[in-house]
Every structure is written in C-alpha cells, then in structure tokens.
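Listed below are the residues making up each chain.
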Amino acid sequence: MISIPFSWFGFTDWLITQEAGLIIMFATFGTLILSFIIIAILGALGLKKYVAYIAGALLCSIFISMMVMIPLLLLFNIENSIKLQLVWMVIVASCLISFLSNRHYLDIYFNSTKTKEDKEVKKQKTKRKNKK
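Criteria and thresholds
Residues numbered from 1 in each chain as written. Predicted model: local features only at pLDDT ≥ 70, side-chain atom pairs only at ≥ 80, totals over all residues. Heavy atoms only, no water. Helix = DSSP H or I, 4+ residues; strand = E, 2+ residues; numbered from the N terminus. Contact = heavy atoms within 4.5 Å. Areas by Shrake-Rupley, 256 points an atom, 1.4 Å probe, with all protein chains shown as cover. Axes fitted to C-alpha atoms, helices over the stretch in contact; angles between N-to-C directions. Parallel < 35°, antiparallel > 145°, perpendicular 65-115°, else oblique. Left-handed = near helix turned anticlockwise from the far one by under 90°. Nonpolar A, V, L, I, M, F, W, Y, C, P; charged D, E, K, R; others polar. Patch = residues over 30% accessible without salt bridge, like charges linked within 9 Å, V, L, I, M, F, W, Y side chains within 5 Å. Salt bridge = Lys/Arg side-chain N within 4 Å of Asp/Glu carboxyl O. Buried < 20%, exposed > 50% of the residue type's maximum accessible area, 1.4 Å probe, protein only. Polar contact = N/O pair within 3.5 Å; in protein donor to acceptor, adjacent residues only side chain to side chain. Core = buried A, V, L, I, M, F, W, Y, C linked by side-chain atoms within 4.5 Å.

Q: Sorry, what's going on with the overall build of the protein chain here?
A: Each helix and strand counted, the protein chain has 5 helices and 0 strands in total. Reading the helices (α) and strands (β) of the protein chain from amino to carboxyl end gives α-α-α-α-α. Here the contacts in the protein chain between residues at least 6 apart in sequence split such that 67% fall between residues at least 24 apart. Roughly 9,900 Å² of accessible area belongs to the protein chain as shown, and the carbon and sulfur atoms make up 68% of that amount.

As structure tokens, this is what we get:
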C-alpha cells in the first residue's frame, strides 16, 4: 500500500477513501476547471502565446483520459483511486509535453487551414458580386 506521510488539507484522505469513479469525474471536469485557471494565470503573467497550446493539450487530455481510465475501471477492475490519479497525471503531462514540443508544426497546420478557409470565403464573395 502506498503511504503518504502528509496531508494536503485533507485532499490525500479524500483521494484514498473515495470511489474510483469519482476520480474519473474529477479527471474530466477538474481538467476543465484547471484549464480556465491556467489560462487566467498565463494571461496575467503575460505568457499569452502559450495559452492556446496549453488549452489544446488540456482539452485533448480530457478525451484521452476518458478513453483510458474508464476501461481501466470497468474492464480491468482497477479501483485503486491513487493509481487512477497517477494515470491521469501521466496523461495530462504527456499531452502538455506533446503540444509544447510540437508548437511549430501546430502553427503550420492551423495557419494552412486558416488560409484555405480565407480563400473559400473570398471565392464565395466574388461569386456573389459577379451574380449582381
């Protein structure tokens, strides 16, 4: 058994005594709340260029954690809430590392899709003008 010699204002006691299903709910909805808090903090610190990457990573980690943690609970009967919490932390960390290390490629992809959409809008506007 894992023993934690300290308590984070009762959070560790809550984590050990709760059901594993609540950890999955915490991983899903807690990540949404975490993303709003991190976006506000990064905006206040002046690191607005990283906000989109971190928000994208946290939103991706929601879906990945649901796809991983629900089968762990239902199929493999892993009901140890500490293990599920550690799995969630690994998923969030890997998504953050992936998004932050591939910033350049994400910029290329999103700029290319934006220019395609802009071209389509311009074509539609010219077709409307030519019809008049």
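Q: Please clarify how the packing of helix α2 (residues 20-45) against helix α4 (residues 81-101) should be interpreted in this entry.
A: For any two helices packed against each other, the geometry is given by the interaxial angle and the distance between the axes. The interhelical angle for the contact between α2 and α4, taken along N-to-C directions, is 25°, at an axis separation of 9 Å. Accordingly, the angle class assigned to the pair α2 and α4 is roughly parallel. Handedness of the crossing formed by α2 with α4: right-handed. For the pair α2 and α4, contact is made by Ala-20, Ile-23, Phe-26, Ala-27 and Thr-31 and by Ser-81, Leu-84, Gln-85 and Trp-88, respectively. Partitioning the contact of α2 with α4 into residue classes produces 6 nonpolar, 3 polar and no charged.

Q: How do you make sense of the side chain of Thr-28 when you look at a structure like this?
A: Position of Thr-28 relative to the elements: it lies in helix α2. In this view, Thr-28 contacts Ile-62 and Met-66; residues no more than four positions away in its chain are not counted.

Q: Is there a simple way to think about a nonpolar patch on the surface in this case?
A: A cluster of nonpolar side chains, Leu-22, Met-25, Phe-29, Leu-32, Phe-36 and Leu-59, forms an exposed patch at the surface whose accessible area comes to about 580 Å². Of all the elements, α2 adds the most residues to the nonpolar patch, at 5 residues. Topologically, Met-25 is positioned in helix α2. Judged by relative accessible area, Met-25 falls into the partly exposed class, the value being 47%.

Q: I'm lost on the side chain of Thr-31 in this one. Help?
A: Among the secondary structure elements, Thr-31 is positioned in helix α2. For Thr-31, the side chain forms a polar contact with the main-chain oxygen of Ala-27, separated by 2.3 Å. Thr-31 has contacts with Phe-26, Leu-58, Ser-61, Ile-62 and Trp-88, leaving out every residue within four places of it along the chain.

Q: Is there a simple way to explain the nonpolar core in this structure?
A: For soluble globular proteins, nonpolar side chains are generally found buried alongside one another. In terms of nonpolar packing, the biggest core is built from 14 residues, with Met-69, Leu-84 and Trp-88 touching the most fellow members. Broken down by secondary-structure element, the contributors of at least two residues to this core are α2, α3 (51-74) and α4. The element best represented in this core is α3, accounting for 6 residues. The residues touching Leu-84, leaving out its near neighbours within four places in the chain, are Ala-20, Ile-23, Met-69, Leu-72 and Ile-78.

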